[in-house]
Amino acid sequence: MKKDRRINRKGMSVCALCVMLSAGSVYLGGCGRSADDSAALQKEMSAAENVDFSEENTEQGTETGDTGEKYRSPELQEYNQTAVDHMLQVENKGVNIQNQSEGDYMEALEDTSGVGEVESWQMIMRDPETEWQSCENLLDFYFQSYQPEKLYVYEGNADSQDYFSRTEEIEYAKIAGNDRDFVVVMNFKRSLSGEEPQQFLDRLETWGNVYTDDSGSDYLYGSAALHIRMPRDYVCELVDIADADTVLAAFAQADPSHASDYENALIPVIPRTAETGRFRVSDGTLQVTFDGGEEWTDVPLSTDLLFERGDERDGALTQVQDGSYTVSEDLAAIAYGGSPSMPVSVILSTDGGQSWEKVTVPAETSSARQLFLCRAGQSDTLYLVATRERSMSFEGESLCVSTDKGRTWSQVDSRYKGEPYHFTDIDASFTDENTGFLCMRDSQAPSMLYTVDGGNHWLEAQFDTLPQGYTMAYAPRTCEEGLELYVGRDGYTKYSGSMYRMISTDGGVSWKAAGEYYFK
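What counts as what
- Residues numbered from 1 in each chain as written.
- Predicted model: local features only at pLDDT ≥ 70, side-chain atom pairs only at ≥ 80, totals over all residues.
- Heavy atoms only, no water.
- Helix = DSSP H or I, 4+ residues; strand = E, 2+ residues; numbered from the N terminus.
- Contact = heavy atoms within 4.5 Å.
- Areas by Shrake-Rupley, 256 points an atom, 1.4 Å probe, with all protein chains shown as cover.
- Phe/Tyr/Trp six-rings, centres within 6.5 Å; stacked < 30°, edge-to-face > 60°.
- Buried < 20%, exposed > 50% of the residue type's maximum accessible area, 1.4 Å probe, protein only.
- Lys NZ or Arg CZ within 6 Å of the ring centre and 35° of its normal.
- Salt bridge = Lys/Arg side-chain N within 4 Å of Asp/Glu carboxyl O.
- Arc of directions from axis to C-beta.
- Pairing = 2+ DSSP bridges.
- Lys, Arg positive; Asp, Glu negative; His and termini not counted.
- Polar contact = N/O pair within 3.5 Å; in protein donor to acceptor, adjacent residues only side chain to side chain.

Chemist: Outline the overall build of the protein chain, listing residues and values.
Modeler: Looking only at helices and strands, the protein chain has 8 helices and 32 strands in total. For the protein chain, restricting intrachain contacts to residue pairs at least 6 apart in sequence, the fraction spanning at least 24 positions comes to 60%. When the accessible area of the protein chain is evaluated, it comes to approximately 22400 Å², of which 44% is carbon and sulfur surface.

Chemist: Tell me what's going on with the packing of aromatic side chains, and back it up with residues and numbers.
Modeler: Each pair of aromatic rings is reported with the distance of its centres and the angle of its planes. This model, assessed by the stated rule, comprises 18 aromatic pairs. When the centroid spacing of 6.3 Å and the interplanar angle of 50° are considered together, the rings of Y79 and Y142 count as tilted. Here Y79, found in the loop between strand 3 (77–78) and helix 3 (81–88), pairs with Y142, found in helix 4 (residues 131–145); they are 63 residues apart in sequence, far enough to count as distant. Y79 gets classed as buried once you look at its relative accessible area, which sits at 1%. Three or more aromatic residues link up through ring pairs in this structure, and these residues are Y474, Y486, Y495, Y517 and F519. A cation over a ring is seen here: K189 above Y219, with NZ or CZ 4.3 Å from the ring centre.

Chemist: With reference to specific residues and values, describe the pattern of salt bridges.
Modeler: Overall, the coordinates contain 15 salt bridges when judged by the stated rule. Put simply, R501 and E484 hold a salt bridge, and the shortest N to O gap is 2.6 Å. Highlighted residues: R501 in strand 31 (residues 497–504) and E484 in strand 30 (residues 482–488), separated in sequence by 17 residues. Across the pair, exposure class does not vary: R501 and E484 are buried alike. Within the structure, one salt-bridge network assembled from shared partners comprises D322, D427 and K494.

Chemist: Account for the side chain of T365, naming residues and giving values.
Modeler: Counting through the fold element by element, T365 comes out in the loop between strand 17 (357–360) and strand 18 (371–375). In contact with T365, other than residues within four places in its own chain, are V344, A386, T387 and R388.

Chemist: Break down the environment of M448 for me, citing the residues and quoting the values.
Modeler: Examined against the element boundaries, M448 turns out to sit in strand 25 (residues 447–451). For M448, a relative accessible area of 0% corresponds to the buried category. As a C-alpha pair, M448 and L438 span 10 residues in sequence and 5.6 Å in three-dimensional space. In contact with M448, other than residues within four places in its own chain, are F437, L438, C439, M440, L459, E460, A461, F463, P476, L485, G508 and W511.

Chemist: Help me get a handle on helix 3, residues and values and all.
Modeler: Within helix 3 the residues assigned to the buried category are A83, V84 and M87. The buried side chains of helix 3 occupy one side of the element, clustering within an arc of 95° when seen end-on. Structurally, helix 3 contributes buried residues whose contacts are with strand 3, strand 6 (181–191), strand 8 (218–232), strand 9 (235–242) and helix 6 (244–254).

Chemist: So what about the sheet that holds strand 23 (residues 425–430)? Which residues, and what values?
Modeler: Across the sheet, which stays open at both edges, the 4 strands sit in the order 23-24-25-26 with antiparallel pairing between neighbours. A strand with exactly one partner marks an edge of an open sheet, and here the two such strands are strand 23 and strand 26 (459–460). Note: strand 23 against strand 24 (residues 436–440), 5 bridges, orientation antiparallel. Considered in strand 24, the bridge of D425 is made with M440.

Chemist: Now, about helix 6: what can you tell me, with residues and values included?
Modeler: Counting buried positions over the 11 residues of helix 6 gives 8, a clear majority of the element. Where helix 6 is concerned, the buried positions are A244, D245, T246, V247, L248, A250, F251 and A252.

Chemist: How would you explain the side chain of D442 if you had to name every residue and give the values?
Modeler: Within the secondary structure, D442 sits in the loop between strand 24 and strand 25. It is R441 that comes nearest to the buried, bridge-free D442 among opposite-charge side chains, at 9.7 Å. There is a polar contact of 2.9 Å between the side chain of D442 and the backbone nitrogen of Q444. Sequence-distant contacts of D442, that is, excluding residues within four places in its chain, are made with F423, S447, T471 and M472.

Here is the structure:
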């Protein structure tokens, strides 16, 4: 099984929901290291690659490898104090500065033939205004130069419009310069499609951390600081590269009036990682995995029944609904149905998928839009929330409980201030046998109900004021501080883009903001 390397920062807890991965904690060439540490790291890197990174050899440039796949430019400074010093010399410091030198604006090119040849660490930019693209591609060039033998061919002459980059900018901040000479720090994501991630990391594991998504694709996540110049019109060149933490710390020391801006220049990134246990539909067959996708077991339930819903407001289902299942070593269960022809039901296995049992749930609805199957911790108690009787953007829900891992169910008489309807549901969870949460779609502020008596009575949770647009709260999970949840800006995509982490230390009654994060 592939290793899953994660590093945390600033006391962030490792929670059940996911593992925090901050911009400073994804080490690319030694984030957060001192200049001496960076120099030491560079020697380690050169030893690993059998390349001499001494100052003399760097100035002369080198080319190594039998197939010539590794290149070094005389100008490029890599992960050393010289690189940091060069960046500090760039004028016009500040975070996300937006200025251009007078008279330097250039129209986008249709034909680049007149630009001429480019050298190592240079690329043609058809549209000089899209500097983020130059960051992506130049960093991609850098990665190619360090790939394990014969995996990639370094193509430093790529045209930005035609070049396919494996490296994707997640977020970047310009911290110095203008349109001709600038410094950026960036969080990145790099596809490792077709290659063995462990071989990649064994060569230079300080590059970052590898994560596997739900589709089984491997990605490298990291952060870096790049110094980029335009030596002539339409040509961008990577001059220096270093780790983002070291550069941001150096800028904060040199420009103390903006120290807090540098500290918060990059939002910590949380890669979207695959659940160890999950269901999926593959080639029209429902399957389950208990080991993160290494092996899949067919589930004897047709997709016609799995996708059956009485309310298709969000469109007909074509994949497993998020939140409709639970998978652990001793139990795999998924909810389905909720239409006039198919009552709400659960199919479950307690022996690792060797045998399955179908159970009808007494949910009072024949027009279910969403089904949420929630296991109360690692207990034998399951709760099933089935939406019902939607009218416009309002609906109620039917709540059922099982205390024997889903074999038998009973209806819960739920009450919320005597009001049967509220905004439509987007998520639900139970953190123990008595404590549960129901999250609703809202355009004004986070909206969530909580119960401390197994769903018999519900109250409204209280949230810190968040920036405008952050209104979609997703169901809580346990963590070291107590409980955590995330609030996003999109009610249809769970854990995507920038979100605020919220912490509760009083069982979910009130929630305090604990930082902004970026899910990718």
